[in-house]
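Now for the letters of each chain:
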Amino acid sequence: MATRFEVALAGSRPEALRAAAEEALDEIARLEDLLSIYRPNSVISRLNREAASGAVAVDPVVWGLLRRALDLSAATDGAFDPTAGPLVRAWGFHGASGSPPDPQVLAATRECVGWRLVELDPARFTVRFLRPGVMLDLGAVGKGFALDRAVGILRDAGVESGLVHGGTSTVCALGSGPDGEGWPVALPLAPGERGHGQVVRLRDETLSVSAVWGRAFMADGRVLGHVIDPRVGEPVMAASMAAVRLPSATESDALSTALLVLGEAGRARLEALRPGIGLWLRTAGP
Ligand code: AMP
Ligand code: MG
């Protein structure tokens, strides 16, 4: 996931907390090995090499994550789409800061994108791509999933209070924070802004942020960022930053990406999908 994870725990038994935190971080490292497209031996890299030629059986945990990811794609009309990878690559964002693609390349790439092109068999835990060129990229949901698993380990170890985050873009709270009012977490500011972002309170909840400015380039006065609207094949225009609060980090991660793509139109849709969801959206500025 090419990012830094941090665990901060509170409690009266520091040695037990340290052991739990190490176990949680080990699980995150294990999942990175399974899920990263930047690891040639990961399950996802193997699927990207082989699943267009036939069904490939995978670990049930990975299969379950793919099932949830495709369900979230369906629920967001493809705004969140784990097959968007070829578009991300075509726009030059794989390990780089981006550049506009050749229109012909872009048109061909769009043919390979769409969550309906991935077939999952629940009886055999297999994955198959319905055409060549399809690629899975869990960059918008894997971090949240890894954090959910890490938090599960911490809770099983009896941890009741703490914060865990991945790259500051997804944070999970255990408990209600030092004052019992919820852990205070500030939304990020845009580049160049000063001061503090709006503070959101988390009680046994997670917050994920998705922003265009993480990896981006300028063209025609627009900031073109690494989140692509798969429905049009271009970097998102609808918003510059989206944040989602939900109990599950897997869902807040995927749905913050979806909200960035959908913009204002996404509010009602996500509120209907997950009543009680917290949503923050910036549409102005870079
Ligand atoms: P996030 O920061 O969670 O919004 O994830 C962004 C990353 O997910 C990008 O860097 C791409 O690797 C990938 N991605 C880009 N656009 C989409 C999309 N519409 N749906 C799912 N993943 C995407
Ligand atoms: Mg995300």
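Refer to the preceding data block for the structure.
Overview of the structure. (Residues numbered from 1 in each chain as written. Chains lettered and ligands numbered in written order. Predicted model: local features only at pLDDT ≥ 70, side-chain atom pairs only at ≥ 80, totals over all residues. Heavy atoms only, no water.)

Before going further, it helps to examine the pairing of strand β9 (residues 206–211). Burial runs high along β9: six of the six residues are buried. Judged by which residues are buried, β9 turns out to be covered on both faces: Thr206, Ser208 and Ser210 on one side and Leu207, Val209 and Ala211 on the other are all buried. Here three bridges tie strand β6 (residues 170–174) to β9, and the two strands are oriented antiparallel to one another. In the strand pairing of β9, Val171 is matched with Leu207. With six bridges joining them, β9 and strand β14 (residues 241–246) adopt antiparallel strand pairing. By the bridge assignment, Thr206 is partnered in β14 with Leu246. (Buried < 20%, exposed > 50% of the residue type's maximum accessible area, 1.4 Å probe, protein only. Helix = DSSP H or I, 4+ residues; strand = E, 2+ residues; numbered from the N terminus. Pairing = 2+ DSSP bridges.)

Within the structure shown, the criterion is met by 17 salt bridges. Asp33 serves as the salt-bridge partner of Arg39, at 2.2 Å between the closest nitrogen and oxygen. Of the charged contacts in the structure, one is a salt bridge between Glu205 and Arg245, with a shortest N-O distance of 4.0 Å. Of this pair, Glu205 sits in the loop between β8 (199–202) and β9 while Arg245 sits in strand β14, placing them 40 residues apart in sequence. Where salt bridges share partners, they join Glu27, Arg30 and Arg149 into one cluster. (Salt bridge = Lys/Arg side-chain N within 4 Å of Asp/Glu carboxyl O.)

Position of Thr126 among the secondary structure elements: in strand β4 (residues 126–129). Assessed through its relative accessible area of 6%, Thr126 is described here as buried. Not counting residues within four places of it along the chain, the set of residues in contact with Thr126 comprises Ala55, Val56, Ala57, Trp63, Glu119, Leu120 and Asp121. (Contact = heavy atoms within 4.5 Å.)

For the pair helix α3 (residues 60–75) and helix α7 (residues 249–262), interaxial distance at closest approach is 11 Å and the crossing angle is 40 degrees. With respect to α7, the axis of α3 lies oblique. In the packing of α3 onto α7, the handedness of the crossing is right-handed. In contact with Leu65, Arg68 and Leu72 of α3, α7 contributes Thr250, Glu251, Ala254 and Leu255. (Axes fitted to C-alpha atoms, helices over the stretch in contact; angles between N-to-C directions. Parallel < 35°, antiparallel > 145°, perpendicular 65-115°, else oblique. Left-handed = near helix turned anticlockwise from the far one by under 90°.)

So, on to the packing of α7 against helix α8 (residues 265–273). Packed helix pairs are specified by the crossing angle of their axes together with the interaxial distance, meaning the distance between the axes. Where α7 contacts α8, the two axes come as close as 7 Å, and the packing angle between them is 145 degrees. In this structure, α7 meets α8 at a crossing whose hand is right-handed. Only Ala265, Gly266, Arg267, Arg269, Leu270 and Leu273 of α8 make contact with α7, whose side of the interface consists of Leu255, Leu259 and Leu262.

Grouped together as the largest cluster of nonpolar side chains are 79 residues, with contacts concentrated most on Leu35, Leu47, Leu66, Val127 and Leu207. It is α7 that contributes the most residues to this core, eight residues altogether. Those residues in contact with Leu207, other than ones at most four positions away along the chain, are Ser169, Thr170, Val171, Val185, Leu187, Val200, Leu202, Ala243, Val244, Arg245, Ser252 and Trp280. Formed by nine residues, the second largest nonpolar core is a distinct cluster that contains Leu87, Phe217, Leu224 and Ile228. (Core = buried A, V, L, I, M, F, W, Y, C linked by side-chain atoms within 4.5 Å.)

What follows is about the sheet that holds strand β5 (residues 161–166). Within the open sheet, the six strands sit side by side as β1-β5-β6-β9-β14-β15. Their pairing is antiparallel. The sheet terminates laterally at β1 (5–10) and β15 (278–282), the two strands that pair on one side only. Within the sheet, the average angular offset between the axes of one strand and its neighbour, ignoring direction, is 10 degrees.

This next bit is on a negative patch on the surface. A contiguous patch of negative charge on the surface is contributed by Glu22, Glu23, Asp26 and Asp156. A total of three residues in the negative patch trace back to one element, the largest contributor, which is helix α1 (residues 14–35). On the secondary structure map, Glu22 appears in helix α1. (Patch = residues over 30% accessible without salt bridge, like charges linked within 9 Å, V, L, I, M, F, W, Y side chains within 5 Å. Areas by Shrake-Rupley, 256 points an atom, 1.4 Å probe, with all protein chains shown as cover. Lys, Arg positive; Asp, Glu negative; His and termini not counted. Charge placed at Lys NZ, Arg CZ, Asp CG, Glu CD.)

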